[in-house]
Amino acid sequence: MPVTLVIGSQWGDEGKGKIIDYLAKDSDFVVRFHGGNNAGHTIINKYGKFALHLIPGGIFNLNTKAVIANGVVIDLAVLLSEIELVEKAGIKVKGRLFISPRCQLIMPYHKLLEQVYEEAKKGVNTPQPTGRGIGPVYADKVTYNGITLGDLLDRKSFKEKLSVQVLIKNKTLKPFGKKVNKNVVEKDFFSMRRKILPFISDTFTIINSAIDKKQNILLEGAQGTFLDNDWGIYPFVTASNAVSGGVNAGAGIAPNKINKVIGVAKAYTTRVGFGPVPTEQKNGIGNKLREIGGEYGATTGRPRRCGWLDLEMLRFAVKINGFTEICITKLDVLDNFEKIKVCVRYNLNSKRISYEQCSTKDFDRVKPVYKTYKGWQKSIKEAKNFKDLPKEAQIYLRDIEKMLGVKITYVSTGVKRNEIIKI
Ligand code: GDP
Ligand code: IMO
Ligand code: MG
């Protein structure tokens, strides 16, 4: 299928990186279209282990080109060091990575503003952001205060915009004892400018010409549905639209050009940062999932909060994203559980309530209703086909599929590229 969209269907870290790396073998282009280096997409292949924050995962497939489209926010220093890292692994990046001049730049004052907001909020009503300046850079974008990668093409205009922003930002930062030095920022950006110029391209034309030629395009979602700025549990969200609709604005691809939407879901639930997680297990089960699943953030190293799979949320994710299929990851993490639970719905005050009906406060009070499955209690690592999976695992997957009304087409059984079952 020419245009395939991969979307996180939970709170991020579903294993999108691994799936993108696997699917890239059939793709002419892999495209990031939102978020920034708050994302950490782990890829383990013959070149090594990488946690990519900005470069699309398809870069490791040498026949695939990578695009950072306009919706992505860029920390230039992070991007340049990531390019260097990938090149050091023996992968050519120049001529294979195309970056939109419309991308907003994360400036040093964005990271300082994020610190100031966090200090002021003292842990209340904050999702505990990653510290990358994501909220403030998107805020500047929508209030027409952003500086784009394209602005770097014209030194004079860059200087003028930077002057105004530093003036405004330093006034805000001063009472909190923080400031940025305009001359230092300007010097840093001008020293990075030469290195990034060769990558700046008209990504709209590149992507849309490829679509016209019926080439295969893989769209790499970042974060996940429940971190979406509109549809997540606000304010415990990120600043971009992580649902499938983000593609139209974020990459310049018309909605009717999307052929497949693959929802990536872990076989259980994790979240990094604050906010309600109805199926969280603050007990031995949660700890076991974290340890076996290696649930520590790829970007910040923070421990992820763990719990059972939440089908109430997944049902919403199916609807809002229009998933045409689902990929279940990390099924192997459940190998050693005697019993496995799945939340099939929420009750509030003994009445059923759906995800979309809940207010932010309701999520702290809803009671997940669980269905319990018998665990398979053996390793699934060697399974290459669905029928190789233990009967109990087959029942678990078929039941999820039935309750969601969408086919499961891939099951990931380990960290490596080939540890996957195509159904
Ligand atoms: P992403 O942000 O969605 O790309 O996911 P992350 O890379 O942040 O986190 C997923 C983690 O799970 C990484 O450490 C992956 O190496 C790992 N992983 C992905 N798929 C599987 C799987 O099927 N089984 C196991 N055990 N680990 C997996
Ligand atoms: P990937 O693409 C998991 C979370 C942060 C925080 C909230 C807001 O690897 O799945 P931000 O820095 O975006 O302002 O933080 O969102 N968060 C993620 N959690 N995976 C991610 O990306 C995330 N990106 C942001 O922990 O709660
Ligand atoms: Mg991640």
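Residues numbered from 1 in each chain as written. Chains lettered and ligands numbered in written order. Predicted model: local features only at pLDDT ≥ 70, side-chain atom pairs only at ≥ 80, totals over all residues. Heavy atoms only, no water.

**Side note on helix H5 (residues 155-173)**
Test applied: For the purposes of this entry, the term helix denotes a DSSP run of H or I that reaches at least four residues, the term strand denotes a run of E that reaches at least two, and both are numbered from the N terminus. By definition here, a helix of n residues has an expected span of 1.5 Å times n minus one. The buried label goes to any residue with under 20% of its type's maximum accessible area, the exposed label to any with over 50%, and the partly exposed label to all in between, with areas taken from a 1.4 Å probe on protein chains only. Throughout, a residue-residue contact means that at least one pair of heavy atoms, one from each residue, lies within 4.5 Å. Counting of polar contacts relies on pairs of N or O atoms within 3.5 Å, with two restrictions inside protein: one atom must be capable of donating a hydrogen and the other of accepting it, and residues adjacent in sequence are counted only when both atoms are side-chain atoms.
In this model H5 runs 26 Å from its N-terminal to its C-terminal C-alpha over 19 residues, within 8% of the 27 Å that 1.5 Å per residue would give. Turning to H5, its buried residues are Ser157, Phe158, Leu162, Gln165, Val166, Lys169, Asn170 and Leu173. Buried positions along H5 lie against strand E8 (104-105), helix H3 (108-121), helix H4 (134-142) and helix H6 (182-196). Where H5 begins, the capping side chain belongs to aspartate 154, and its oxygen is found 3.1 Å from the backbone nitrogen of lysine 156.

**With respect to the pattern of salt bridges**
Basically, it comes down to this: Within this document, salt bridges are pairs made up of a side-chain nitrogen of Lys or Arg and a carboxyl oxygen of Asp or Glu, the two lying within 4 Å of each other.
A complete count under the given rule lists 23 salt bridges for this structure. Between glutamate 14 and lysine 16 there is a salt bridge, and its shortest N-O distance comes to 2.8 Å. Grouping residues by exposure puts glutamate 14 and lysine 16 together as buried. The salt bridge involving arginine 305 is made with glutamate 280; its shortest N-O contact spans 2.8 Å. With arginine 305 in strand E12 (residues 305-307) and glutamate 280 in the loop between strand E11 (269-271) and helix H9 (284-293), this pair connects stretches of sequence that are 25 residues apart.

**Some remarks on the site of ligand 1**
Applicable threshold: Any residue with a heavy atom positioned within 4 Å of a molecule or strand is treated as near that molecule or strand. Methods summary: accessible areas were calculated by the Shrake-Rupley approach with a probe of 1.4 Å, and residue burial reflects only the protein chains presented. Each residue receives one of three labels: charged for Asp, Glu, Lys and Arg, nonpolar for Ala, Val, Leu, Ile, Met, Phe, Trp, Tyr, Cys and Pro, and polar for the others, Gly being one of them. Residue ranges for the domains trace back to a domain assignment, done automatically or taken from a database.
Taken together, 18 residues surround ligand 1, and among them Lys16, Gly17, Thr42, Asp332 and Ser412 come closest. Lysine 330 has a polar side-chain atom sitting 2.8 Å from an oxygen atom of ligand 1. Considered on its own, ligand 1 offers 580 Å² of accessible surface; in the complex 93% of this is hidden by protein. Among the elements of the structure, helix H1 (16-23) and strand E3 (41-45) are those that each provide at least two residues to the shell around ligand 1. Sorting elements by how many residues they give to the shell around ligand 1 places H1 first, with three residues. Its residues placed into classes, the shell around ligand 1 shows three nonpolar, eight polar and seven charged. Counting residues domain by domain, the shell around ligand 1 receives three or more from each of domain 1 (3-99 + 209-252) and domain 3 (261-422).

**Comments concerning the coordination of the magnesium ion (ligand 3)**
Stated precisely, the cut-off is as follows: In this description, a donor is an N, O or S atom within 2.8 Å of the metal centre, a cutoff extended to 3.2 Å for sodium, potassium and calcium. Water is not part of the atom list, which can make sites seem incomplete.
Around the magnesium ion (ligand 3), the protein contributes the donor atoms Asp13 (OD) and Gly40 (O), which lie 2.0 to 2.2 Å from the metal centre. Here aspartate 13 is found in the loop between strand E1 (3-8) and H1, whereas its partner glycine 40 is found in the loop between strand E2 (29-32) and E3, with 27 residues between them in sequence. The partly exposed category is assigned to aspartate 13, whose relative accessible area is 22%.

**Topic: the side chain of lysine 266**
By the element assignment, lysine 266 lies in strand E10 (residues 260-266). Polar contacts involving the side chain of lysine 266 include one to the main-chain carbonyl oxygen of aspartate 13, which spans 2.9 Å. Apart from the residues lying within four places of it in its own chain, the contact partners of lysine 266 are Gln10, Asp13, Glu14, Glu295, Arg304, Leu309, Thr329 and Lys330.

**Side note on the sheet that holds strand E14 (residues 325-329)**
Quick note on the threshold: One requirement defines pairing of two strands: DSSP has to find at least two bridges between them. Fitting a line to C-alpha atoms yields each axis, with helices limited to the stretch in contact; the angle taken between N-to-C directions then spans 0 to 180 degrees.
The mixed open sheet is built from nine strands, whose spatial order is E7-E5-E2-E9-E1-E10-E14-E18-E19. Taken across any chain shown, the strands that pair with only one partner, and hence form the sheet edges, are strand E7 (97-99) and strand E19 (420-422). Neighbour-to-neighbour, the strand axes of the sheet open up by a mean angle of 20°, direction not taken into account.

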